[in-house]
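Listed below, chain by chain, are the residues.
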Amino acid sequence: MYTFSSKLKTFSIILMALGILGIGYGFLTAPKNIEEVEALLTKEASEHGGGHGEATVADHEEKAEATQHHVTVEAVQHEEAKDANIEESVSKDSVVANEEIPHEVNSQEVHETEPAVVHEEKASNHAEVSHEHDPKAHAEHVLHQLQNKPWSALYVACIFFLLLSMGVLAFYAIQQVAQAGWSPVLFRVMQGITAYLPAGSIIFFIILVLCGLHFNHIFVWLGEGVTDPKSTHYDAIIAGKSGYLNFPFWIIRAGVFLLGWNLYRHYSRKNCLAQDNANDDLNYKKNFKLSAGFLVFFIVSESIMSWDWIMSFDPHWFSTLFGWYVFASFFVSGITSIALVTIYLKSKGYLEFVNTSHIHDLAKFMFGISVFWTYLWFSQFMLIWYANIPEEVTYFVTRIQLYNLPFFGAVVMNFVFPILILINTDFKRLNWVIVMAGIVILLGHYVDFFNMIMPGTVGDRWFIGVSEIASILFFLGLFIFVVFTALSKSPLLAKRNPFIEESKHFHY
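The paragraphs below set out a description of the structure included in this document. Within any chain, residue numbers begin from 1 and follow the written order of that chain's sequence. The predicted nature of this model means local features are confined to residues of pLDDT at least 70 and side-chain atom pairs, given and counted, to a pLDDT of 80 or more, with totals for whole chains, interfaces and linings taken over all residues. Each side-chain value is worked out from all heavy atoms of the structure, with water and hydrogens disregarded.

1. Let's talk about the packing of helix 13 (residues 356-387) against helix 14 (residues 390-402)
Under this scheme, a helix contributes an axis fitted over its contacting stretch, all axes are lines through C-alpha atoms, and angles between N-to-C directions fall in the 0 to 180 degree range. Helix numbering and strand numbering both begin at the N terminus, where a helix is a DSSP run of H or I of at least 4 residues and a strand a DSSP run of E of at least 2. Relative to each other, helix 13 and helix 14 sit at 110 degrees, their axes nearing to 8 Å. On the basis of the axis angle, helix 13 is roughly perpendicular to helix 14. Like other packed secondary-structure pairs, helix 13 and helix 14 cross with a definite hand, here left-handed. Residues Gln-380, Phe-381, Ile-384 and Trp-385 of helix 13 touch helix 14, and the partners they reach there are Glu-392, Val-393, Phe-396, Val-397 and Ile-400. Residue polarity follows a fixed list, in which Ala, Val, Leu, Ile, Met, Phe, Trp, Tyr, Cys and Pro are nonpolar, Asp, Glu, Lys and Arg are charged, and the others, Gly among them, are polar. In terms of residue class, the contact of helix 13 with helix 14 is built from seven nonpolar, one polar and one charged. Here the angle decides the label: under 35 degrees means roughly parallel, over 145 means roughly antiparallel, 65 to 115 means roughly perpendicular, and every other value means oblique. We call a crossing left-handed when the near helix sits turned anticlockwise from the far one by less than a right angle, and right-handed when that turn is clockwise. In what follows, a contact means two residues having at least one pair of non-hydrogen atoms within 4.5 Å.

2. Here's the deal with the packing of aromatic side chains
Classification of ring pairs rests on two measures: the distance between centres of Phe, Tyr or Trp rings, Trp counted by its six-membered ring, which must be within 6.5 Å, and the angle between planes, read as stacked under 30 degrees, edge-to-face over 60 and tilted in between. The full count for this structure, using the stated rule, is 55 aromatic pairs. Seen in terms of ring centroids, Trp-182 and Phe-506 are 6.4 Å apart; in terms of plane orientation they differ by 45 degrees. Their pairing is tilted. With Trp-182 in the loop between helix 6 (135-178) and helix 7 (187-194) and Phe-506 in the segment after helix 18 (500-504), this residue pair connects regions lying 324 residues apart in the sequence. In terms of burial, Trp-182 and Phe-506 fall into one category: buried. With 4.1 Å between their ring centres and 10 degrees between their planes, Tyr-264 and Phe-294 make a pair best called stacked. Taken together, the positions of Tyr-264 in helix 10 (residues 247-276) and Phe-294 in helix 11 (residues 282-309) put the pair 30 residues apart, joining distant regions of the chain. We note that Tyr-264, like Phe-294, is buried. An aromatic cluster is present here, built from Tyr-155, Phe-204, Phe-219, Trp-221, Phe-247, Trp-250, Phe-257, Trp-261, Phe-297, Trp-309 and Phe-313 joined pairwise through their rings. Only protein chains enter the accessibility calculation, which uses a 1.4 Å probe; a residue whose area is less than 20% of its type maximum is buried, one above 50% is exposed, and one in between is partly exposed.

Written as structure tokens, this is what we have:
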């Protein structure tokens, strides 16, 4: 039996305490009204030569942000205007431009000869809207961004650790269904990590409810009046999606997904523990069937979850690869956490049946899924960027212009570094190498989630500050406390698993 050391427990509590203090500081220091924002913009103007504080420059920068959203639309319109004297080209261009854009805005009727009107409506309906000659509107926009910052930092850290534990749960279910012979000695480690799922689910669900109750503005489509044609905040694109993107249906879906995941986690662990004292394999067979059913539920719920909880931060944009992309990110994070916890327990004298071949296999999964993530990252980026469709490419234009370092830095951390380190077979058997690679991978995928969420909530007002670091510390402390407490509740070896002997003597 594992004993949760007092030092590690104290360390986790300190992390949570520091995290709570930092999160509270982030909320307390966020601006409360437009006057504070105007003072901040004036200060920035004096420090940077009149950048944000003067109305004309403020308008220019806001218009630049809006331009990032539809930069290629302007390019298309420019080319159409340039070739206006060529009748055939104009007719072709206007047919294409004026069939695609109204399709995007759905219920908004747009005349074929008025692309500028369509352009203006799409710009005005975006979250980072350009308020021409209106410094008050610019200040209000910045106010929402700065108020979103502590909420967004909390959200990124919360969903990252939640989905990390989900990645472990999916990996565990796959091992059960595949009847893998190498991994049963690691089952209790996986079950310990997934013990975080209930706590993480509760916190995350509360955050979602608070979003729906308008405690923040991080989800644009939850804003007041965005689906009301009479409102100044009306957004035709979001209104067209309101049958799916509405708070009651959204929160019900979230509840179903979280409940389903936690029920599988509870019953699979219950059956695994019962198998230890059983005289037959009935509980193992129950887990096999349960895991097969869960994987069907998981693959559907994971895709929808990625749309609901991440992609909807940019409600004008969509990608058919997004569900797989998010899955690859948290799946490799989960496998990495299994490797790190296993190596830690081995260093403390536990898991005597885990050998270098088991560690090697985990490292191979870390390597392989990192390549898979990169394949999806490149496929999504390259196809959208090369096609240059206005409604799609704006997603990457925003991230390249405003988040250049974290956007491309994530590729280095999640692909270049793991490839260079883990491609060597011998390195996959060295614990210190795996720990080093694992820490970089986890940080890199946190940055990946940061890139997916922050541009749609805080725009160019991002930086890694107290809120971001404190949120990571809190959820890391909670994760350590819950996981290692769970590990101390049951034996670390699933002794009656039918494949346990094969797993004990796993070598190649």
